[in-house]
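Descriptive analysis of the structure
Here are the chains, one letter per residue:
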Protein chains: 4
Amino acid sequence: MIIVLKPHATKEHAEELMARIAALGLRPLYMPGQERVVLGALGDERTIESLHLDSDPMVESVKPILAPYKLVGREIHPHDTIVDLGSTQIGGGRFTVIAGPCAVENREQLRATADAVKAAGGHGLRGGAYKPRTSPYAFQGLGAEGLALLKEVYQATGLPVVTEVVDAGDVTLVEEHAAAFQVGARNMQNYRLLQVLGKSRMPVILKRGMAAKVDDLLMAAEYILAEGNPNVILCERGITTFETATRNTLDLNAIPVIKQRSHLPVLVDPSHGTGLRELVTPMAKAALACGADGLLVEVHNDPPNALSDGRQSLFPEQFAAMMRELRPIAAAVGKVM
Amino acid sequence: MIIVLKPHATKEHAEELMARIAALGLRPLYMPGQERVVLGALGDERTIESLHLDSDPMVESVKPILAPYKLVGREIHPHDTIVDLGSTQIGGGRFTVIAGPCAVENREQLRATADAVKAAGGHGLRGGAYKPRTSPYAFQGLGAEGLALLKEVYQATGLPVVTEVVDAGDVTLVEEHAAAFQVGARNMQNYRLLQVLGKSRMPVILKRGMAAKVDDLLMAAEYILAEGNPNVILCERGITTFETATRNTLDLNAIPVIKQRSHLPVLVDPSHGTGLRELVTPMAKAALACGADGLLVEVHNDPPNALSDGRQSLFPEQFAAMMRELRPIAAAVGKVM
Amino acid sequence: MIIVLKPHATKEHAEELMARIAALGLRPLYMPGQERVVLGALGDERTIESLHLDSDPMVESVKPILAPYKLVGREIHPHDTIVDLGSTQIGGGRFTVIAGPCAVENREQLRATADAVKAAGGHGLRGGAYKPRTSPYAFQGLGAEGLALLKEVYQATGLPVVTEVVDAGDVTLVEEHAAAFQVGARNMQNYRLLQVLGKSRMPVILKRGMAAKVDDLLMAAEYILAEGNPNVILCERGITTFETATRNTLDLNAIPVIKQRSHLPVLVDPSHGTGLRELVTPMAKAALACGADGLLVEVHNDPPNALSDGRQSLFPEQFAAMMRELRPIAAAVGKVM
Amino acid sequence: MIIVLKPHATKEHAEELMARIAALGLRPLYMPGQERVVLGALGDERTIESLHLDSDPMVESVKPILAPYKLVGREIHPHDTIVDLGSTQIGGGRFTVIAGPCAVENREQLRATADAVKAAGGHGLRGGAYKPRTSPYAFQGLGAEGLALLKEVYQATGLPVVTEVVDAGDVTLVEEHAAAFQVGARNMQNYRLLQVLGKSRMPVILKRGMAAKVDDLLMAAEYILAEGNPNVILCERGITTFETATRNTLDLNAIPVIKQRSHLPVLVDPSHGTGLRELVTPMAKAALACGADGLLVEVHNDPPNALSDGRQSLFPEQFAAMMRELRPIAAAVGKVM
């Protein structure tokens, strides 16, 4: 339920109402606005009728939250969320570019790539220490050693680090080494993991599953917010379709759809979204033009020798060229990058 | 086969070779370039061996055409094709916007919409006289009467007219009234229709089928070129996926893929590609940013009362706003519109 | 609208009502049942209110037809339709197997294959004279010559012939040579073709399009019935999905769904539905087990040298083995074959 | 690599070779056959060249394993695997039916449903204690309490219990209460979970992900076998497609494809595969007819009041009817049930 208080309702009124909501076993939410306070009540909506809020003198209106994603939707949170990521932010008119290798392979590779990202104006560094791979015999990432390298390179370059977490048991360790968690497409509906991430306050970049509708993605994000972590950034990375010319079909329609339905910022990953390095720059431009808040993009100092995803990784000079080509478009659509 | 002639080969040499190719039952192609002439030979490639071209003194090299689409691919036609459309063109650095109602409903509707399109800077008028509808009980279009109205409005506004043709038997009549044929997604593999359109020289806008891979679209275009009509414009209009938030999933990945593989220009239809008017402008911008040569977009003077596709049709003022928003992006990516 | 007459209503009453329905511009339908007569009225349902049928002494009830497919749905036609096909039938507890080559290639091939089909107990012969092929350079079928061969083999074997029609202009010629039209998946929404087939009374086997929902298939069938031809047989032949192990994904869920929604019989094509000969027999058995009325299956006297679809064509001995394996399952599920 | 030993090679020869393989850092496999022993060597195949096995007097032939799934494929394990499940088995000519509610709700519901399953001839009991739900506000299962109820009902009925595990941290507890783990579609690529399950020897029923190709499923199974657990049962439960008439599209093509490529047994889940109770029986029959080794099917003692998946759960009498209808088909295809 959304409970809009009257303009003259005080903070005490709000707290008293929230206590009554909590006493029913519902979860109260406090959302102060410019002119009036809005409260939320999450849980079985029939219960709340016993409070007779409609006849409360401090209550202007009571209405149900229609969307199944209560906290992620715009009904109780109409304004865009801006998430802090180290020294930068995601959302709020910025176009934030987080770039780096698919997997952390060694110190030299990571440092060289990070330097190239920084030199070209990238805002954050991505790199996987835990890699979910289709084959058990493929390189599975450096694990804790990779996390240590990421932290080291962060300290050297100042680029905030985004890295994937694949199991609830790794959350604490990843939190000590990175500026944001990444949840991969295969784990979008690993609800146990999402719940543990919801206990943290570190930002979570949640990638859309290969067969997930936009609403499935929003429901997955709701798991994180429902546990208390509001710092969620969505990421479109391509869906599974019949087309075989590209690794996935990047669904840019999802960007304006998400903007309509949710206040959370959204990135686009044109690397996984296409699977082909020569398609990354055109799709990065398209993502910027249609309203995305930034990119998650793969760059490698030596793509032909990358241990994973080399075919879709940009060469450093391609990344720099992409950044140069994005800037006039950002100016044209009023984004800062 | 692609036969590259030596720089000093004359037109007579080329013609003599083409006659020998034709005598084998193959189809010869003449493609003069800046520095040297290239010939093509379409048909059973084994036959051509009997000509011993490798040892011909005027021949520099002979190589097979690898792609299954011989005429549509870049191997024998590396440079971008530009197609004339009335007073305008599609391809070659322009961003051409063809707009109008889904269906021609009556003179007033068509004229009012066309005036709005022209006033906002649109380059062509679209409007269906023959409407393939899912239900036999739905409005099927005005037919010949609709064609007459389209011609009348063309004469009044100067906007070249694009209209759908759904049957081989209508091709002549449509040709007398329009500047370009449109082949809808449902007819992309109506090969008889494509073959008849290949006998014409009027441009054909060929829309991608809902379940067609990019290569299926290119093969369908090959049917038209193989009959002799080089004036084909491709059109991405969304594919069928599991996502239900939008009518179709607009596959913008297809734009740079098509640009790699084919010399033909390509439009994007953000109206069918999304099914929702509020998504049209963001996706139009994305289409421009990733390299499309223009748009096919639905505008209606009164969308709530449209006989078809009202939900995805722009209001005239939205179309004008979209055109204003596209211009700075066009400037940023170096396109003329 | 569905208009149920009272038990004592006479034929004259029905005819008088139908005349009044027709006078409103609606299409009347006469559906006599065991105990009472049911009338239908197709068209704008609001118009019919002016007849005040609710207060007509001969009318028991009036209710709207909810499904968008009025004639194809079970609302006005609850009982299963049985379609005659030459000396055999499709529907009504039979399991009818129509088999033969993808394309008619020559007299020997067709005759040898037909003899094998007949010897193994097949009920009908399939074979394409007009082949819609992805490439314009591929074998396009023998055309009229192929039709003549089909008729010749029908006369020799007595097997009723099913053959594809790809253009409205060929309908008359095909009708003279075959026992049933086949409309291929690519033409499922070629509405002009469907309308012309609706003028005939020869059965039409309508294949589901690659991206067509079951309801799209039923709406396409409605085009044929709405023109007056009730002899439509549906055919599930696989849909386009992301799976690449098979050519298409055979959607057997569609069989019980179609049986719920429509009275029309439905075949399964396990050849196109899988694309692999070794999968044809298992999927044929599955089709029988889940309620299909028969098969449309590719057999070739010499698959490795077939001009098209050899990889999915059964060898004659495989077809005979499949027929033997189907019989006990048919007995187990109470079907006659 | 697959290393086929000569008929006269002794166990000592095999062990000596395996030690040499292990010394290279590769994983040796011992596969005794009727006539000769076959060894496997998993890992970087180039390394093994240093052993010069081709010239070893006890070695008949050495060949690479072509499939990416080494242990799951038929190359080194041509014969069908049979997995013990409590008092029953899966594979080897049986058709094993595991049935029960989506979620364990309470003792009465579980016991009543289990009694109905047993009375109708079901072979195992399914029921979820941990439920991965799209919404964080939906019933998430009884957890440990549900496991205790499952064990209690197993002790009362003798039906071996299959229950889902959603997190690596729960594996030990589930192992103490059930006869087999179930891995749900959403966790098919939760590789950490798969690796932990690979350390167990309790059977794992691995469900295909919504967007997973058959080969992706086989690769996921490889994760479990690679850790040492050979008791894996695959399960087809429907894939995500554009069709909306059913919850998922049951891909029965996958059954014969899996049988070609892998020795592991495979179940079909017609409940999730259709989402509609009235489709369960037809698709169960189809699954049996095309070669599946059994069913995983939802039955509830009171579907209209089920806390989850009521729409697709069979009533007890429907389950009994389905079992009766399956038996003659099992007889017809030579399966024991």
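Residues numbered from 1 in each chain as written. Chains lettered and ligands numbered in written order. Predicted model: local features only at pLDDT ≥ 70, side-chain atom pairs only at ≥ 80, totals over all residues. Heavy atoms only, no water.

Concerning the interface of chain B and chain A
Each partner contributes to the interface: chain B provides 38 residues, whereas chain A provides 38 residues. Note on chain B versus chain A: buried area summed over both sides is about 2800 Å², and carbon and sulfur give 66% of it. Among the residues chain B hides against chain A, the three largest losses belong to Lys213, Phe242 and Asn253 of chain B. Together they make up 22% of the total. Run the count over chain B and chain A and you get two salt bridges. A salt bridge links Arg208 of chain A to Glu243 of chain B; its shortest N-O distance comes to 2.7 Å. Summed over the shared surface of chain B and chain A, the result is twelve residue pairs in polar contact (both at pLDDT 80 or more). Mapped onto the side of chain B that touches chain A, the elements with two or more residues apiece are helix H7 (254–261), helix H8 (270–274), helix H9 (277–289) and helix H10 (316–333) of chain B. If one sorts the elements of the side of chain B that touches chain A by residue count, H9 of chain B sits on top with seven residues. Class assignment of the residues belonging to the side of chain B that touches chain A gives a composition of 21 nonpolar, ten polar and seven charged. (Contact = heavy atoms within 4.5 Å. Buried area = accessible area lost by both parts, 1.4 Å probe. Salt bridge = Lys/Arg side-chain N within 4 Å of Asp/Glu carboxyl O. Polar contact = N/O pair within 3.5 Å; in protein donor to acceptor, adjacent residues only side chain to side chain. Helix = DSSP H or I, 4+ residues; strand = E, 2+ residues; numbered from the N terminus. Nonpolar A, V, L, I, M, F, W, Y, C, P; charged D, E, K, R; others polar.)

Comments concerning the pairing of strand E2 (residues 27–32) of chain D
Looking along a regular strand, one sees side chains alternate from face to face of the sheet. Residue and element names in this part refer to chain D. As judged from the six bridges shared by E2 and strand E3 (residues 37–42), these two strands associate in the antiparallel manner. The residue bridging Leu29 from the neighbouring strand is Gly40, located in E3. Counting the residues between successive antiparallel strands, the hairpin from E2 to E3 contains four residues. (Pairing = 2+ DSSP bridges.)

Overview of the sheet that holds strand E1 (residues 2–5) of chain B
Sheet strands associate in pairs through backbone hydrogen bonding, adopting either a parallel or an antiparallel arrangement. All names here are of chain B. Across the sheet, four strands lie side by side as E2-E3-E1-E4; this open sheet has antiparallel pairing. Here the strands that pair on one side only, and so sit at the sheet edges, are strand E2 (27–32) and strand E4 (59–63). Pairs of neighbouring strands in the sheet enclose a mean axial angle of 20°, with direction left out of account. Packed onto the sheet, helix H1 (residues 11–23) meets E1, E2, strand E3 (37–42) and E4 and runs at close to 160° relative to E2. (Axes fitted to C-alpha atoms, helices over the stretch in contact; angles between N-to-C directions.)

Looking at the relation of the copies chain D and chain B
Relative to chain B, chain D is turned by 180° and slid 0.0 Å along the rotation axis, the superposed coordinates differing by an RMSD of 0.1 Å. The two molecules are tied by a two-fold rotation axis, judged by turn and shift. Residues of chain D ranked by C-alpha distance from the rotation axis are headed by Phe242 of chain D, positioned 2.1 Å from it. (Least-squares fit on C-alpha atoms with pLDDT ≥ 70 in both.)

Notes on the interface of chain D and chain B
On the chain B side, the residues contacting the four residues of chain D number four residues. Interface area for chain D against chain B, summed over the two sides, is near 240 Å², with a carbon-plus-sulfur share of 88%. Our enumeration of links across chain D and chain B arrives at zero salt bridges. Seen at the junction of chain D and chain B, the total is zero residue pairs in polar contact (both at pLDDT 80 or more). In terms of residue class, the side of chain D that touches chain B is made up of one nonpolar, three polar and no charged.

Focus: the sheet that holds strand E4 (residues 59–63) of chain D
Residues and elements named next belong to chain D. If you trace the four strands from one edge of the open sheet to the other, you get E2-E3-E1-E4, paired in antiparallel fashion. Only two strands of the sheet have a single neighbouring strand rather than two, namely E2 and E4. Taken over all neighbouring pairs, the strand axes of this sheet differ in orientation by 20° on average, direction set aside. Examined bridge by bridge, strand E1 (residues 2–5) and E3 share three bridges and lie antiparallel to one another. If you follow Ile2 over to E3, its bridge partner there is Gly40. Most of the contacts of helix H1 (residues 11–23) go to E2, to which it runs at about 160°, and overall it touches E1, E2, E3 and E4.

Side note on the packing of helix H5 (residues 191–199) of chain D against helix H6 (residues 214–226) of chain D
Residue and element names in this part refer to chain D. At a closest axis distance of 7 Å, the pairing of H5 and H6 adopts a crossing angle of 40°. Judged by the angle between their axes, H5 and H6 are oblique. Here the hand of the crossing between H5 and H6 comes out right-handed. Each of Tyr191, Leu194, Gln195, Leu197 and Gly198 in H5 lies in contact with H6, whose residues at this interface are Ala220, Tyr223 and Ile224. Within the contact of H5 with H6, the residues separate by chemical class into six nonpolar, two polar and no charged. (Parallel < 35°, antiparallel > 145°, perpendicular 65-115°, else oblique. Left-handed = near helix turned anticlockwise from the far one by under 90°.)

Description of the packing of aromatic side chains
Residues and elements named next belong to chain B. Under the counting rule described, the total for this entry stands at four aromatic pairs over all chains. Note on Tyr191 and Tyr223: the rings are 4.3 Å apart at their centroids and 15° apart in plane angle, and the pair reads as stacked. Of this pair, Tyr191 sits in helix H5 (residues 191–199) while Tyr223 sits in helix H6 (residues 214–226), and the two are 32 residues apart along the sequence. Of the two residues examined, Tyr191 and Tyr223, each falls in the buried class. (Phe/Tyr/Trp six-rings, centres within 6.5 Å; stacked < 30°, edge-to-face > 60°. Buried < 20%, exposed > 50% of the residue type's maximum accessible area, 1.4 Å probe, protein only.)

Observations regarding helix H1 (residues 11–23) of chain A
All names here are of chain A. Here H1 spans 18 Å end to end across 13 residues, near enough to the 18 Å set by a 1.5 Å rise per residue. Residues of H1 that are buried: Ala14, Leu17, Met18 and Ile21. Taken down its axis, H1 places every buried residue within 100° of arc, on the same side. Of the residues in H1, the exposed ones pointing more than 90 degrees away from the buried face are Glu12 and Ala23. On its buried face, H1 sits against strand E1 (2–5), strand E2 (27–32), strand E3 (37–42) and strand E4 (59–63). With its phi angle positive at about 90°, Gly25 sits one or two positions after the end of H1. (Expected span 1.5 Å × (residues − 1). Arc of directions from axis to C-beta.)

Comments concerning the packing of helix H7 (residues 254–261) of chain A against H9 of chain B
Where H7 of chain A meets H9 of chain B, the closest approach of the two axes is 9 Å, and the angle between their N-to-C directions is 130°. Relative to H9 of chain B, the element H7 of chain A lies oblique. For H7 of chain A against H9 of chain B, the interelement crossing comes out right-handed. On H9 of chain B, the residues that touch Pro256, Val257 and Gln260 of chain A of H7 of chain A are Glu278, Leu279, Pro282 and Met283 of chain B.

Side note on empty space enclosed by the protein
Here the structure, examined in full by the defined rule, presents three cavities of 30 Å³ or more. Reported here for the largest cavity is a volume of approximately 100 Å³. Every residue along the wall of the largest cavity is listed here: Thr240, Thr241 and Phe242 of chain A, Thr240, Thr241 and Phe242 of chain B, Thr240, Thr241 and Phe242 of chain C together with Thr240, Thr241 and Phe242 of chain D. By residue class, the composition of the lining of the largest cavity is four nonpolar, eight polar and no charged. (1 Å grid on protein atoms, 1.4 Å probe; cavity = no way out; pocket = protein on both sides within 12 Å on 5 of 7 lines; lining within 4 Å. Points joined across faces, edges and corners; volume = space filled by probe spheres on them.)

Concerning the relation of the copies chain B and chain A
Note on the identical chains: chain B maps onto chain A by a rotation of 180° and an axial translation of 0.0 Å, with an RMSD of 0.1 Å. Here 100% of the contact residues of chain B are again contact residues in chain A; the copies associate through an equivalent surface.

Some thoughts on the confidence of the model for chain A
Overall, the predicted model of chain A reaches an average pLDDT of 95, with 100% of residues at or above 70. Note on the complex model: pTM 0.94, ipTM 0.94. (pLDDT = per-residue confidence, 0-100.)

Section: the pattern of salt bridges
Oppositely charged side chains are able to pair whenever their charged atoms sit close together. Enumeration according to the criterion identifies 80 salt bridges over all chains in this entry. Between Asp80 of chain D and Arg74 of chain D there is a salt bridge, with its nearest N and O atoms 2.6 Å apart. With a relative accessible area of 44%, Asp80 of chain D lands in the partly exposed category. Its relative accessible area of 21% is what places Arg74 of chain D among the partly exposed residues. Residues joined by salt bridges that share partners form a network here, namely Arg208, Glu236 and Asp251 of chain A together with Glu243 of chain B.

As for the environment of Leu85 of chain C
Residues and elements named next belong to chain C. Position of Leu85 among the secondary structure elements: in strand E5 (residues 83–85). C-alpha of Leu85 to C-alpha of Arg46: the two residues are 39 residues apart in sequence and 39 Å apart in space. What Leu85 contacts, discounting residues up to four positions off in sequence, is Ile90, Ile98, Pro160, Val162, Ala179 and Ala180.

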